[in-house]
Amino acid sequence: CEDGLVSFKVAADLYGIVTSNLDVEYVASVPLLGLRSLPLDDPWNRAAKRLFDLLVSLSLVLVTAPVWLVAILAIKVADGGPVFYGQERVGQDGKQFVLYKFRTMCPDAEKVTGPVWAKREDERCTPIGRVLRRFNIDELPQLWNVLKGDMSLVGPRPERPHFVDQFRSEIPRYMARHKIKSGITGWAQVNGFRGNTSLQERIKYDLYYAENWSLLFDLEILFMTLFAFKNAY
């Protein structure tokens, strides 16, 4: 059920089970077991996070405007190709959306290989693209995704449909990370789990974030993002 993003309850002849992840409801004296609700299942928490995203995103767009201008000019002067790059990603509840970045690779970089993960010293990257990736500048256009409501500032990083279809059958609880909005940055990323790193460990961090969300936690992750350059390639 979790893999299909379906909430569920299980009828069981057990009484008073309490764990960090299980919840018990009673219907006509029958105990039903299910996963405990996430903090962001609460409408007030979702509203608070959305307001926080809008205010901070608008502020960041204004503050980083000079960086945008320099990046746009650098990409355009370097090879004359497109400045922005849009890619299909899978977000909350398995819905697909177009994620935007500054283009860091040669045009049609995956035309021959098909979808592949970026790697260290990736030959498909342009010289300007390597600099943008090194300092996370290529992610700035995703502020538009946040303003549109496709993403949040903080959350599990969204993946492409090709890889989601592959990982959901290989990695336990992989789809559970799609119960909340994807993010520009996340608890896994600031702890170094990005790029070609352990997916199993990344999922643990993503689920920990979803189960322990708070605005203070988001602020902590945003602050850590300023210094999170490990595995940025």
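Colleague: Quick question: what am I supposed to make of the nonpolar core here?
Modeller: A general trend in soluble globular proteins is that nonpolar side chains are found buried together. Phe 102, Leu 153, Tyr 209 and Ile 221 are the most contacted members of the largest nonpolar core, which totals 28 residues. Residues contacting Phe 102, with those up to four places away along its chain left out, are Trp 68, Ala 71, Ile 72, Ile 75, Val 83, Phe 84, Leu 132, Ile 137, Asp 138, Leu 140 and Pro 141. Leu 5, Phe 167, Tyr 174 and Met 175 belong to the second largest nonpolar core, which has 12 residues in total.

Colleague: I'm lost on helix α8 (residues 215-225) in this one. Help?
Modeller: The periodicity of an α-helix, 3.6 residues per turn, causes residues three or four positions apart to be oriented the same way. For α8, the complete set of buried residues consists of Phe 217, Asp 218, Ile 221 and Leu 222. When α8 is viewed along its axis, its buried side chains cluster within an angular range of 135° and face the same direction. Exposed and facing more than 90 degrees away from the buried side of α8 are Leu 216 and Phe 223. Against α1 (43-63), β6 (152-154), β7 (183-185), α6 (187-190) and α7 (199-211) lie the buried residues of α8.

Colleague: Can you walk me through the pairing of strand β5 (residues 96-102) in this structure?
Modeller: The two faces of the sheet receive side chains in turn, since in a regular strand these alternate between them. Here strand β4 (residues 84-90) pairs with β5 via seven bridges, running antiparallel. Across the sheet, Arg 89 pairs through a bridge with Phe 97, a residue of β5. Linkage of β4 to β5, two consecutive antiparallel strands, is achieved through a turn of five residues, within which Asp 93 is found at a positive phi near 60°.

Colleague: Would you mind showing me how to read the side chain of Ser 182 here?
Modeller: By the element assignment, Ser 182 lies in the loop between α5 (161-167) and β7. Leave out the neighbours within four places in its chain, and Ser 182 touches Val 90, Gly 91, Gln 92, Met 151, Ser 152, Gly 155, Pro 156 and Pro 158.

Colleague: Got a minute to help me understand the packing of aromatic side chains in this structure?
Modeller: For any pair of aromatic rings, geometry is given as the distance between the ring centres together with the angle between the planes. Enumeration over the complete set of coordinates arrives at 10 aromatic pairs. Ring centres of Phe 84 and Phe 102 lie 5.4 Å apart, and the angle between their planes is 20°; on these two criteria the pair is classed as stacked. Note that Phe 84 is positioned in strand β4 and Phe 102 in strand β5, a separation of 18 residues in sequence. According to the relative accessible area criterion, Phe 84 is partly exposed, its value standing at 41%. In this structure Phe 102 comes out as buried when scored by relative accessible area, which is 1%. With a centroid separation of 5.0 Å and 40° between ring planes, the pair formed by Phe 193 and Tyr 205 is classed as tilted. On the criterion of sequence distance, the pair formed by Phe 193 in the loop between α6 and α7 and Tyr 205 in helix α7 is long-range, its members being 12 residues apart. With relative accessibility at 17%, the residue Phe 193 sits in the buried group. Look at Tyr 205 and you get partly exposed, because its relative accessible area is 23%. Here the aromatic cluster, defined as three or more aromatic residues joined through ring pairs, consists of Trp 187, Phe 193, Tyr 205, Tyr 208, Tyr 209 and Phe 217. Sitting over the face of the ring of Phe 135, Arg 134 holds its NZ or CZ atom 5.9 Å from the ring centroid.

Rules and cut-offs
Residues numbered from 1 in each chain as written. Predicted model: local features only at pLDDT ≥ 70, side-chain atom pairs only at ≥ 80, totals over all residues. Heavy atoms only, no water. Core = buried A, V, L, I, M, F, W, Y, C linked by side-chain atoms within 4.5 Å. Buried < 20%, exposed > 50% of the residue type's maximum accessible area, 1.4 Å probe, protein only. Contact = heavy atoms within 4.5 Å. Helix = DSSP H or I, 4+ residues; strand = E, 2+ residues; numbered from the N terminus. Arc of directions from axis to C-beta. Pairing = 2+ DSSP bridges. Phe/Tyr/Trp six-rings, centres within 6.5 Å; stacked < 30°, edge-to-face > 60°. Lys NZ or Arg CZ within 6 Å of the ring centre and 35° of its normal.

None of the figures reported here should be taken as evidence of function without further support.
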